[in-house]
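An overview of the molecular structure
The residues making up each chain are set out below.
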Amino acid sequence: MEFKLILKKLNKTLSEEEATIFSEWYNESELHKSYFMKVQENYHNETFLIDIEKGWKAVEKQIKPAAVKKTSYLNYAVAASIVLLISITFLIKKEKIEEVVNPVITNNNIKIGTDKATLTLEDGAVVALEKGGQYISDNLESNGEELIYKTLNTSKKEIAYNYLTVPRGGQYHIVLSDGTKVWLNSESQLKYPISFTDGKSRQVELVYGEAFFDVSSSSNHKGSHFKVLNQFQEVEVLGTKFNIKAYKNETDVYTYLVEGKVAVNTVNTNEVLAPGEQSNLNRETSEITVRKGNSYRETSWKDGIFSFKHKSLKDIMVVLSRWYDMEVIFKNKELENVTFTGTLYKNQSIEEILTFIQGSILTYEINNKTITFK
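Residues numbered from 1 in each chain as written. Predicted model: local features only at pLDDT ≥ 70, side-chain atom pairs only at ≥ 80, totals over all residues. Heavy atoms only, no water.

1. What to know about the side chain of Thr 255
Stated formally: Counting from the N terminus, the helices are the DSSP runs of H or I reaching at least four residues and the strands are the DSSP runs of E reaching at least two. Two N or O atoms form a polar contact when they lie within 3.5 Å of each other; inside protein one atom must be a possible hydrogen donor and the other a possible acceptor, and for residues adjacent in sequence the pair counts only when both atoms belong to side chains.
When you line up the elements, Thr 255 lands in strand E15 (residues 252-259). Reaching out from Thr 255, the side chain makes a polar contact with the side chain of Gln 233 at a distance of 2.9 Å.

This is the structure:
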């Protein structure tokens, strides 16, 4: 379906004839419904205008002419929509378009990230958790995509801790023994007790990396508060959803609150966040600033989506390098500051992603697991 019709639908400006065509296309398959919902979600969450003509022309080039000839408008729309669903996952606004040079690709070994992690047990034993695998013990179980702990009745005075470490190119979901759900992003590590004691503070530590927490309410645990510790801050909650980003090679720690209430504490200051607010802790000065954030952009990574707004190519590649476990080199330093706004999906190959931003980066080279921008 011509992309303009979808935008007309979102803007409620379809003619009667266009509305009929759209309705037939939308109800023809779940694939079409899924695609429309993705576009609708992006449209309402991103405050920018997509360059429709350039985006559509990029798609047209990928549809073989033979497949389009002698076909009805509706059939063409179906074919185009499928390509759009698979390929237009990075809708961008380019400030500068230059002549495109074909990339040089040699031994492309950059793989899409997957569910994988390493579990370190209290006795020091290490268990590899991978998609498709299974691990079961007395108090926990993993199906290769998530790790679930059972509630234990224990009288042990000494607390036993486990570590869940997600490497570059990985992600993992864990359900703690109190029912708290945690999504760990690539290159992250979480330290946590194998069981909690009701009435006593529930503490975990995000050693490094990024995690989204959906905390089991304190009312279910005799009022015991939940705390997330980090080397630079402490986040105390009662029952809420929030995201913390504290990567080792970044100078700031970000805490974004989706719902509920959290207190971000450091040695120097305390800040209470309201839903929709994000704290920014500078590691060097220990100062905290609070500003309004965007829930979609800050948390969509756990749902398989990366969303960027006015982000530099350098910053985007930092994020992508963790998921694709790759290295990035900028020979042309000016390209580091080229900015993009848009959404991409984590199940997209790196070549497909680069295809849609290549117009502003001139050319690139892939060799083994390294991308070089020239």
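This is not the end of the story, as more comes after the structure.
2. Section: unusual backbone geometry
Under the convention used in this document: Throughout, exposure labels follow a simple rule: accessible area from a 1.4 Å probe, protein chains only, divided by the maximum for the residue type, with under 20% read as buried, over 50% as exposed, and the rest as partly exposed.
Of note, Asn 107 is a non-glycine position whose phi angle comes to about 50°, a positive value. With respect to the helices and strands, the residue Asn 107 is situated in strand E1 (residues 104-108). Although it is not a glycine, Ser 286 adopts a positive phi angle of roughly 65°. Relative to the assigned elements, Ser 286 resides in the loop between strand E18 (277-282) and strand E19 (288-292). By relative accessible area, which is 21% here, Ser 286 ends up partly exposed.

3. Comments concerning the pattern of salt bridges
Definition in use: Salt bridges are counted wherever a side-chain nitrogen of Lys or Arg sits within 4 Å of a carboxyl oxygen of Asp or Glu.
Tallied over the full model, the rule gives 11 salt bridges. For Arg 168, the salt bridge identified is with Glu 327, shortest N-O distance 3.7 Å. With Arg 168 in the loop between strand E7 (161-166) and strand E8 (170-175) and Glu 327 in strand E21 (residues 327-330), this pair connects stretches of sequence that are 159 residues apart. With a relative accessible area of 22%, Arg 168 lands in the partly exposed category. Among the charged side chains, a salt-bridge network with shared partners connects Arg 168, Glu 187, Glu 250, Arg 322, Asp 325, Glu 327 and Lys 369.

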